[in-house]
Amino acid sequence: MKADDAKKVIEDAITKEIEAYTFYRGVADKVKDKALKDLFAELAGEEKKHRELLQGMLTKDIAKMKFDPSHDYKVADTLASPKLSADMKPLEGLVVAIKKELEAMQMYTQLAKLAKDTETQFLFSQLANMERGHKARLEDIYTNMAFPENIWV
C-alpha cells in the first residue's frame, strides 16, 4: 500500500470514528434512561480516543507502515453505509450502532492482518478489540430491549 493510500485509510477511519462519536453523543443527550445515557456517553468518549489514536498516526511517517500490496483492502465496501442519525428509534439506533461497530472491527482486524510492522499490527489489533467490546455490549442491550422475555430465562 502506498503512503497516500495508507493516509486515506486512516483519514476514512477518523471520519468513521467522528460519525460514531457524534451518533453516540447525540443519543446520550436524548435518551432518558440513565444506564443507556451513561453507556452512550462512555462509547462516545471511547470513539473520541480512537480518533485521537488515529490522528496520532497521521503525525508519524506513514511510509514506514508496511502492508501487503497485493491484497484487496475492501475499504470501499464500507462506504455505502447508512448515515447515522440521533433521531432514530432506540432499537433502530442500536442496530445501526452494532453494524457500525462490526464494520469498524472488521476494518481494523483486516488492517492488523495486513500490517507488516509490529507497531502497526498492535495498534490496529487494539482498535479491533475495542470495537469488538463495543459491539458485544450493544448486542446485549439490543437483545434485552428487543426480547425482554430473555431477561428471565
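Residues numbered from 1 in each chain as written. Predicted model: local features only at pLDDT ≥ 70, side-chain atom pairs only at ≥ 80, totals over all residues. Heavy atoms only, no water.

1. Structural notes on the side chain of His 134
Within the fold, His 134 resides in helix H4 (residues 118–146). One polar contact links His 134 to Glu 47, side chain to side chain, over a distance of 3.1 Å. A polar side-chain atom of His 134 sits 3.2 Å from a polar atom in the side chain of Glu 101. Every residue in contact with His 134, bar those within four places of it in the chain, is listed here: Leu 43, Glu 46, Glu 47, His 50 and Glu 101. (Helix = DSSP H or I, 4+ residues; strand = E, 2+ residues; numbered from the N terminus. Polar contact = N/O pair within 3.5 Å; in protein donor to acceptor, adjacent residues only side chain to side chain. Contact = heavy atoms within 4.5 Å.)

2. Considering H4
Here H4 spans 41 Å end to end across 29 residues, near enough to the 42 Å set by a 1.5 Å rise per residue. Along H4, the residues that are buried comprise Thr 120, Leu 123, Phe 124, Leu 127, Ala 128, Glu 131, His 134, Lys 135, Leu 138 and Ile 141. (Expected span 1.5 Å × (residues − 1). Buried < 20%, exposed > 50% of the residue type's maximum accessible area, 1.4 Å probe, protein only.)

3. As for the packing of helix H3 (residues 90–114) against H4
Two numbers describe how H3 lies on H4: the axes approach to 8 Å, and their chain directions differ by 160°. Judged by the inter-axis angle, H3 sits roughly antiparallel to H4. Like other packed secondary-structure pairs, H3 and H4 cross with a definite hand, here left-handed. A per-class count over the contact of H3 with H4 returns 20 nonpolar, 4 polar and 5 charged. (Axes fitted to C-alpha atoms, helices over the stretch in contact; angles between N-to-C directions. Parallel < 35°, antiparallel > 145°, perpendicular 65-115°, else oblique. Left-handed = near helix turned anticlockwise from the far one by under 90°. Nonpolar A, V, L, I, M, F, W, Y, C, P; charged D, E, K, R; others polar.)

4. Some words on the packing of aromatic side chains
Within this structure, the stated rule accounts for 3 aromatic pairs. Here the aromatic rings of Phe 23 and Tyr 24 are separated by 5.6 Å at their centres, their planes lie at 55°, and the arrangement is tilted. Pair check on accessibility: Phe 23 and Tyr 24 agree, each one buried. Ring centres of Tyr 108 and Phe 124 lie 6.1 Å apart, and the angle between their planes is 20°; on these two criteria the pair is classed as stacked. Residue Tyr 108 is located in helix H3, and its partner Phe 124 is located in helix H4; the two are separated by 16 residues in the primary sequence. A single burial state applies to Tyr 108 and to Phe 124, both of which are buried. (Phe/Tyr/Trp six-rings, centres within 6.5 Å; stacked < 30°, edge-to-face > 60°.)

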